[in-house]
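Close look at the chain arrangement
Below are the chains, spelled out letter by letter.
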Amino acid sequence: MVVTHNTPRSAYKSKLPNTKVEVFGSDITTTSDSNGFYRIDNVPYGEYMITYKKEGYVETIYFPVKTIDSLTIRISPILTKSVKDLKSIVVCCKRIDFF
């Protein structure tokens with residue numbers, strides 16, 4: 001049996017509940033709980049990509065994740081806010097006269 005688990009967090013280290021976690025290319029999927037914790041049991045031996053999806057955040061992919069029999073793999077994903085969900089963007093610049 002192989003287990004993969006940990007807590008997705010934002011760039012500000014806050015836990016992210018209800019994050020969809022998928023073993024890419026398979027039907028193995030779960031969702032993190034109210035504390036941001038998830039656990040995936042019975043991942044077959046092999047090499048995988050793990051994807052994390054949450055509304056308002058950029059999809060994050062971790063690879064390669066190699067599973068080994070009877071080993072718990074801990075991944076510490078950090079998700080970044082999506083630019084399209086930002087309320088405002090401030091651009092600062094300095095004027096430079098060339099002439």
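The notes below deal with the structure included here. These figures come from a predicted structure and were not determined experimentally.

The rules we used
Every chain begins its residue count from 1, and numbering advances along the sequence as written. The model is predicted, so local features are restricted to residues of pLDDT at least 70 and side-chain atom pairs to those at 80 or more, both for listing and for counting; the totals for chains, interfaces and linings are taken over all residues. Excluding hydrogens and water, the side-chain values take into account all heavy atoms of the structure. Residue types Ala, Val, Leu, Ile, Met, Phe, Trp, Tyr and Cys, when buried and joined through side-chain atoms within 4.5 Å, form a set referred to as a nonpolar core. Remark: exposure states derive from per-residue accessible area (1.4 Å probe, protein chains only) relative to the maximum for the residue type, with buried under 20%, exposed over 50%, and partly exposed in between. Secondary structure elements follow DSSP: runs of H or I of four or more residues count as helices, runs of E of two or more count as strands, with numbering from the N terminus. Patch definition: residues with relative accessible area over 30% and no salt bridge; like charges joined within 9 Å; nonpolar side chains (Val, Leu, Ile, Met, Phe, Trp, Tyr) joined within 5 Å. Note that accessible areas follow from Shrake-Rupley with a 1.4 Å probe, and for residues the cover is restricted to the protein chains shown. The salt bridge criterion pairs a side-chain nitrogen of Lys or Arg with a carboxyl oxygen of Asp or Glu, the two atoms within 4 Å. The definition of a polar contact used here is a pair of N or O atoms within 3.5 Å, where within protein one atom must be able to donate a hydrogen and the other to accept one, and adjacent residues in sequence count solely through side-chain atom pairs. We call two residues in contact whenever any of their non-hydrogen atoms come within 4.5 Å of each other.

Quick word on the nonpolar core
The biggest cluster of nonpolar side chains holds 15 residues, and the ones touching the most others in it are Val21, Val23, Tyr38, Ile40, Ile50, Tyr52 and Ile75. Within the residue set of this core, elements represented by two or more residues are β3 (20–23), β5 (38–41) and β6 (46–53). In terms of residue count, β6 provides more of this core than any other element does, three residues in total.

Looking at a nonpolar patch on the surface
Nonpolar side chains collect at one region of the surface, where Tyr45, Ile68 and Leu71 lie side by side and expose about 340 Å² of accessible area between them. Along the chain, Ile68 turns up in the loop between β7 (60–67) and β8 (72–73).

Things to note about the pattern of salt bridges
The final tally for this structure, using the stated rule, is four salt bridges. In this structure, Asp41 and Arg39 form a salt bridge, with 2.9 Å as the shortest nitrogen-oxygen distance. Look at Arg39 and you get partly exposed, because its relative accessible area is 44%.

Thoughts on the environment of Ile73
Within the secondary structure, Ile73 sits in strand β8. Sequence separation between Ile73 and Ile40 is 33 residues, and the spatial gap between their C-alpha atoms is 10.0 Å.

Points about the environment of Tyr57
Tracing the sequence through the fold places Tyr57 in the loop between β6 and β7. A C-alpha to C-alpha distance of 5.5 Å links Tyr57 and Thr80, two positions 23 residues apart in sequence.

Structural notes on unusual backbone geometry
Even without a glycine there, the phi angle at Asn18 is positive, about 60 degrees. Mapped onto the elements of the fold, Asn18 is located in the loop between β2 (9–10) and β3. For Asn18, a relative accessible area of 54% gives the class exposed.

Considerations on the side chain of Thr19
You can see Thr19 is positioned in the loop between β2 and β3. For Thr19, a relative accessible area of 0% gives the class buried. In terms of polar contacts, Thr19 uses its side chain to reach the backbone carbonyl oxygen of Leu16, at 2.9 Å. Apart from the residues within four sequence positions on either side, Thr19 is in contact with Pro8, Thr30, Thr31, Ser32, Tyr52, Lys53, Lys54 and Leu79.

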